[in-house]
Amino acid sequence: GAGLAGLVAARGCAEAGLAVRLVEAGDRVGGRVRSESVGGRPLDLGAEWVAPASHHAVMAEVARHGLELEEFVDPGLACWSLDGSVRSDGPVLDAADQTELDALYAAIERDAARIDIDDPRWYERVADLDVSMSDYLDRFGVAPTVRAHLLLQAFSLTGADERRYGALCLLHEIAEFGSCAEAFSGEDVRVRGGTAGIAAAIAGQFGEFGDGMISFSTPVVGVRVVSGGRAVEVTTVQGTIRARVAIVTVPVNALLHLHLDVGLGDAARAVVATGHAGSVAKAWTRGDDVPQPYRSIGWPDVPESYGVPTADGHQVAAFQLAPDADTYAAARQAVAELRRRHPGARFADEVVVHDWLTGPHSMGTWCAATAGQQAGLHDLAAHPAPCLFAGGDVSRRWAGWMDGALTSGVDAAARAIAFVRDGTHLPVRG
């Protein structure tokens, strides 16, 4: 796959002198990074946000390729909607609710502090917390508005229904960021011109290693370990490629479409069979007469919405949970909610979306592990050569982020190089 993980893995192997073939099912590079012109400006239909203080791999690629960043303009006072009640003229919570929310944040941070993010099997020490987010919050018995506020803040990190994603998914994020406050507000810049610029810049280096390094429109059908574990065969719609090692960067939810004869363990097979819970529609639509700068947040509908000025008017991004995996229905629901929330504004019927949820190359949005899946994700990431797995879904750090895809891809390249050169099996670190 030619997403960020596959691109940097291929680059690393080629720089080490290995013969590399990058096989991509689609007709472009980037994977779940996708930028398209909307209103005359490139906007992101997939991954978009970066936390500069935390996402060091992204920042390194930005610097390496001379890309520019732009900061989100904080409007100061956002429009809030919790359970249908809209506020834009003051605090959304009263004093008692705010006190309860502060106590909830403190309790969550105590649980997150139990996670050792440098331990590959960090989840084993917090098995008592490996429940759904809904069940986890039930333990605290907080007021409905406080619960809704927490779920709203957690949305950008998890992107799934709280009854489906695991509490460890959020707690690990908070452990990485260091606090709830940083986790809920640290990602505030994006790549000028769209994040697809990162993928294009990496792929632009491939000419240094010879023509034909990437094969587009070549879906993989299956991967099979052969020669007693010393080689691998990758079967595509164009034929079979035999290699010393394969790095599979297909999103976890799309692995179900592959025939994997590589010796996966039970936990890894279970993850492949069920997939993670990430299910979000991200829609862009034109918004006229919206407050500027504009930001609108709420729960349960349209947890996040923000605006970007373009030559063709103000373009508004709206996120909507899609538990039924229907991107277009969720997009329509999002526009209807924006109209209810902002009666003085006008939102176009036309939306620009990409269907990440049913597209065969993704089958979901960013990774939101369900309860009990951490062991299987670990086993996928740690699977030995000659078949390695990499990508943002299985990364050791920043799972679900562009940074995780990059670090996982770099690490997979190092493991592949060691195996090809002398049969060494390095431990997974990315």
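Everything numeric here is computed off the predicted structure, so don't read it as measured data.

What counts as what
- Residues numbered from 1 in each chain as written.
- Predicted model: local features only at pLDDT ≥ 70, side-chain atom pairs only at ≥ 80, totals over all residues.
- Heavy atoms only, no water.
- Helix = DSSP H or I, 4+ residues; strand = E, 2+ residues; numbered from the N terminus.
- Rg over C-alpha atoms; globule rule 2.2 N^0.38 Å.
- Buried < 20%, exposed > 50% of the residue type's maximum accessible area, 1.4 Å probe, protein only.
- Contact = heavy atoms within 4.5 Å.
- Areas by Shrake-Rupley, 256 points an atom, 1.4 Å probe, with all protein chains shown as cover.
- Lys, Arg positive; Asp, Glu negative; His and termini not counted.
- Charge placed at Lys NZ, Arg CZ, Asp CG, Glu CD.
- 1 Å grid on protein atoms, 1.4 Å probe; cavity = no way out; pocket = protein on both sides within 12 Å on 5 of 7 lines; lining within 4 Å.
- Points joined across faces, edges and corners; volume = space filled by probe spheres on them.
- Nonpolar A, V, L, I, M, F, W, Y, C, P; charged D, E, K, R; others polar.
- Phe/Tyr/Trp six-rings, centres within 6.5 Å; stacked < 30°, edge-to-face > 60°.
- Axes fitted to C-alpha atoms, helices over the stretch in contact; angles between N-to-C directions.
- Parallel < 35°, antiparallel > 145°, perpendicular 65-115°, else oblique.
- Polar contact = N/O pair within 3.5 Å; in protein donor to acceptor, adjacent residues only side chain to side chain.
- Pairing = 2+ DSSP bridges.

**Student:** Explain the overall build of the chain to me, please; I cannot follow it from the model alone.
**Tutor:** In terms of regular secondary structure, the chain is built from 12 helices and 20 strands. A globule of 430 residues ought to have a C-alpha radius of gyration of about 22 Å, and the chain, at 22 Å, matches this closely. Along the first, second and third principal axes, the C-alpha set of the chain runs to 65 × 50 × 35 Å. Burial status across the chain gives 56% buried among its 430 residues. Within the chain, contacts between residues at least 6 apart in sequence are counted, and of these 71% link residues at least 24 apart. Split by element, the accessible area of the chain, about 17400 Å² in all, is 51% carbon and sulfur. In the chain, the 36 positive side-chain charges and the 55 negative ones have mean positions that sit 6 Å from each other.

**Student:** Whenever I open this one, the layout of surface pockets confuses me. Can you help?
**Tutor:** Over the atoms a probe the size of a water molecule is rolled, and this reveals where empty space is left. One number sums up the size of the second largest pocket: a volume of about 180 Å³. R41, E70, E71, F72, V73, R190, P293, Y294, G307, V308, P309 and H314 together form the lining of the second largest pocket. Those elements giving two or more residues to the lining of the second largest pocket turn out to be β5 (69-71) and β17 (305-310). Considering each element in turn, the lining of the second largest pocket owes the most residues, three residues, to β17. Split by residue class, the lining of the second largest pocket holds six nonpolar, two polar and four charged.

**Student:** What is the right way to look at the packing of aromatic side chains in this model?
**Tutor:** Aromatic rings in a pair are described by how distant their centres are and how their planes are angled relative to each other. The final tally for this structure, using the stated rule, is 13 aromatic pairs. A centroid spacing of 5.8 Å and a plane angle of 90° characterise the contact between W49 and F72, whose relative ring orientation is edge-to-face. Here F72 lies in the loop between β5 and β6 (79-82) and W49 lies in strand β4 (residues 49-50), a separation of 23 residues in the sequence. Of the two residues, W49 and F72, both sit in the buried class. Where W284 meets Y306, the ring centres are 6.0 Å apart and the plane angle is 80°; that geometry is what we call edge-to-face. Highlighted residues: W284 in strand β15 (residues 280-288) and Y306 in strand β17, separated in sequence by 22 residues. W284 sits in the buried class, given a relative accessible area of 1%. Here the aromatic residues W49, F72, F155, W284, Y306, F319 and W366 are joined through ring pairs into a cluster of three or more.

**Student:** Sorry if this is basic, but what is going on with the packing of helix α3 (residues 95-112) against helix α6 (residues 167-177) here?
**Tutor:** For any two helices packed against each other, one specifies the inter-axial angle together with the distance between the axes. Contact geometry of α3 with α6 gives a least axis separation of 9 Å together with a crossing angle of 85°. Relative to α6, the element α3 lies roughly perpendicular. Here α3 contributes I108, E109, D111 and A112 to the contact with α6, which in turn contributes L171, I174 and A175.

**Student:** Would you mind going over the side chain of Q320 with me for this structure?
**Tutor:** Mapping Q320 onto the fold places it in strand β18 (residues 313-321). When its relative accessible area of 3% is taken as the criterion, Q320 is described as buried. In this structure the side chain of Q320 is engaged in a polar contact, spanning 2.8 Å, whose partner is the side chain of D301. For Q320, the side chain forms a polar contact with the main-chain nitrogen of V302, separated by 2.9 Å.

**Student:** Mind showing me how you'd approach empty space enclosed by the protein here?
**Tutor:** On inspection of all chains with the given rule, the structure shows four cavities of 30 Å³ or more. Counted as a void, the largest cavity has a volume near 270 Å³. Sort the elements by how many residues they give to the lining of the largest cavity and α6 lands first, with five residues. A breakdown of the residues in the lining of the largest cavity according to their chemical character gives 11 nonpolar, four polar and five charged.

**Student:** Sorry, what's going on with unusual backbone geometry here?
**Tutor:** What is expected of a backbone is that most residues other than glycine have negative phi and most peptide bonds are trans. With an omega of 10°, the peptide bond between W299 and P300 qualifies as cis. With respect to the secondary-structure elements, P300 resides in the loop between β16 (295-299) and β17. Cis peptide bonds are those with omega within 30 degrees of zero, and the linkage from A385 to P386 qualifies with 20°. The backbone phi angle of S227 is positive, close to 55°, even though this residue is not glycine. In this fold, S227 is placed in the loop between β10 (220-226) and β11 (231-236). On the basis of relative accessible area, S227 is assigned to the partly exposed category, the value being 29%. The phi dihedral of D289 falls on the positive side, at around 60°, and the residue is not glycine. The residue D289 is located in the loop between β15 and β16 in this model. Using a relative accessible area of 54% as the deciding quantity, one classes D289 as exposed.

**Student:** Teacher, can you tell me more about the sheet that holds β18 here?
**Tutor:** Strand-to-strand pairing in sheets goes through backbone hydrogen bonds, with the strands running parallel or antiparallel. If you walk across this open sheet you meet the seven strands as β7-β6-β16-β17-β18-β15-β19, and the pairing is mixed. Edge strands, defined here as strands with exactly one partner in the open sheet, are β7 (85-87) and β19 (346-347). With three bridges joining them, β6 and β7 adopt antiparallel strand pairing. Its bridge partner being in β7, S81 is matched across the sheet by V86. Against the sheet, helix α5 (residues 144-158) touches β6, β15, β16 and β18, its axis set at about 125° to β6. Helix α10 (residues 327-341) rests against β6, β7, β15, β16, β17, β18 and β19 of the sheet, and its axis sits at about 115° to β18.

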